[in-house]
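Spelled out from the first residue to the last, the chains are:
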Amino acid sequence: MSERIPILKMGPFLLVTIQVELHDQLVLTLQDDLTEQVARHRAQGVMIDISALDIVDSFIGRTLAHIASLTRLLGASTVLVGMRPAVAITLVELGLTLPGIRTALNVERGMELLQRLVETDPAAGSPSDAC
Amino acid sequence: MRAEQLPIRSPDDVARVRQAVRSRAQAMGYSVVEQTKLVTAASELARNTLVYGLGGSVEMQELEDGFTQGLQLVFEDQGPGIDDLDQALTDGFTTGGGMGLGLSGSRRLMSEFDIQSTPGAGTRVAVVLWKRAGARR
Ligand SMILES: Nc1ncnc2c1ncn2[C@@H]1O[C@H](COP(=O)(O)OP(=O)(O)OP(=O)(O)O)[C@@H](O)[C@H]1O
Ligand SMILES: [Mg+2]
């Protein structure tokens, strides 16, 4: 069986913690699994914890942005949490802005943000910034 | 310091290049931000070598310039080459549905960036990150 990143369901949200070195195929599998599960569970939000990632290159960045827009189409907001400072600095210099992705410092803040997004917009998904 | 050559023929090789660059940069005492920049640029250039260059190799070499140390990475392939280098180095230009940031972004991340390409014969990209490059400006 091929390697997969586990997706946890927490109430109306899906939680993904990336704990392994991200191979290209693994990111693409995550994209497919997440969209499928958002639809199946009618999830209102997705949180992706990337605190274990020591780099985000253009391929991973593009896929994360793609995940965010796919889940938005399905009515869920995506929040990226735990980006390391060195990764953030490098991303900016690389020129990657991750359009459409909201970020939070850590899992707690990310959860608060998701909750707020769902409350302000029960239909979720619309990019009305709550913070 | 000896040069180390690694093949780039599969996605697994690209991951191995990232790991090799990371451990070399760590051993040389680069800061965490510098390590991250090196590994990110290596990831971009190795993927280009695989995807557009149809496979090739990278050579890693430690440099000394009398003031500080640097790590040089030279990516080479015998692929189709690049017709218009200026265009390829423009932010957002892609022929492969990417973000068009690999080359231009790596140039920003590294202290030195040199690209040579011959249509029909291949591409060579050489980059160097000098240690504490920011402090030397
Ligand atoms: N080794 C190579 N051989 C042939 N063409 C190349 C090579 N490297 C880059 N190119 C060309 O230059 C273009 C720009 O490369 P760059 O890495 O900047 O962007 P990308 O790979 O298209 O997207 P991204 O890297 O952001 O995912 C590529 O689309 C490709 O046409
Ligand atoms: Mg590229």
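Residues numbered from 1 in each chain as written. Chains lettered and ligands numbered in written order. Predicted model: local features only at pLDDT ≥ 70, side-chain atom pairs only at ≥ 80, totals over all residues. Heavy atoms only, no water.

Here we come to the UniProt feature "domain: STAS" (unreviewed entry) in chain A. Mapped onto this numbering, the UniProt entry annotates "domain: STAS" (unreviewed entry) at residues 3-114 of chain A. In residues 3-114 of chain A, the share of helix is 46% and the share of strand is 20%. The end C-alpha atoms are 28 Å apart. (UniProt positions renumbered as here; feature names shortened; annotations may be inferred. Helix = DSSP H or I, 4+ residues; strand = E, 2+ residues; numbered from the N terminus.)

Within this structure, the stated rule accounts for 0 aromatic pairs over all chains. Between the NZ or CZ atom of B:K131 and the centre of the ring of B:Y30, over which it lies, the distance is 5.9 Å. (Phe/Tyr/Trp six-rings, centres within 6.5 Å; stacked < 30°, edge-to-face > 60°. Lys NZ or Arg CZ within 6 Å of the ring centre and 35° of its normal.)

In this section: the nonpolar core. Judged by nonpolar contacts, the single largest core of 36 residues is most densely connected at B:I8, B:V17, B:V21, B:L38, B:L73 and B:F75. Those elements that provide at least two residues to this core are β1 (4-8), α1 (11-27), α2 (32-51), β2 (56-64), β3 (69-77), α4 (102-109), β4 (112-118) and β5 (122-130) of chain B. It is α2(B) that provides the largest number of residues to this core, a total of 7 residues. Setting aside residues no more than four positions away along its own chain, B:V21 makes contact with B:L38, B:V39, B:A42, B:M60 and B:L73. Formed by 30 residues, the second largest nonpolar core is a distinct cluster that contains A:L14, A:L26, A:A43 and A:V46. (Core = buried A, V, L, I, M, F, W, Y, C linked by side-chain atoms within 4.5 Å. Buried < 20%, exposed > 50% of the residue type's maximum accessible area, 1.4 Å probe, protein only. Contact = heavy atoms within 4.5 Å.)

This part is about the interface of chain B and chain A. Listed by partner, the interface residues are 22 residues for chain B and 19 residues for chain A. A combined buried area of about 1,900 Å² lies between chain B and chain A, and 54% of that area is made up of carbon and sulfur atoms. When the area that chain B buries against chain A is broken down by residue, the three leading residues are B:T36, B:R47 and B:M99, summing to 25%. Scanning the region where chain B abuts chain A turns up 5 salt bridges. The partner of B:R18 in a salt bridge is A:D57, and the shortest N-O contact between them spans 3.9 Å. On inspection of chain B and its partner chain A, the count reaches 9 residue pairs in polar contact (both at pLDDT 80 or more). At 9 residues, α2(B) tops the list of elements feeding residues into the side of chain B that touches chain A. (Buried area = accessible area lost by both parts, 1.4 Å probe. Salt bridge = Lys/Arg side-chain N within 4 Å of Asp/Glu carboxyl O. Polar contact = N/O pair within 3.5 Å; in protein donor to acceptor, adjacent residues only side chain to side chain.)

Okay, the layout of surface pockets next. Taken as a whole, the largest pocket holds about 850 Å³ of empty space. Lining the largest pocket are 37 residues, with B:N48, B:Y52, B:T94, B:T95 and B:L103 sitting closest to its centre. Elements with a contribution of two residues or more to the lining of the largest pocket: α2 (58-73) of chain A together with α1, α2, β3, α3 (85-88), α4 and β5 of chain B. Tallying contributions element by element places α2(B) first for the lining of the largest pocket, with 7 residues. Broken down by class, the residue content of the lining of the largest pocket amounts to 16 nonpolar, 14 polar and 7 charged. (1 Å grid on protein atoms, 1.4 Å probe; cavity = no way out; pocket = protein on both sides within 12 Å on 5 of 7 lines; lining within 4 Å. Points joined across faces, edges and corners; volume = space filled by probe spheres on them. Nonpolar A, V, L, I, M, F, W, Y, C, P; charged D, E, K, R; others polar.)

What follows is about the pattern of salt bridges. Residue and element names in this part refer to chain B. Counted under the stated rule, the structure contains 13 salt bridges over all chains. A salt bridge links E62 to R24; its shortest N-O distance comes to 3.0 Å. Of this pair, E62 sits in strand β2 while R24 sits in helix α1, and the two are 38 residues apart along the sequence. Taking the relative accessible area as the measure of exposure, R24 reaches 7% and is therefore buried. Put simply, R108 and D91 hold a salt bridge, and the shortest N to O gap is 3.1 Å.

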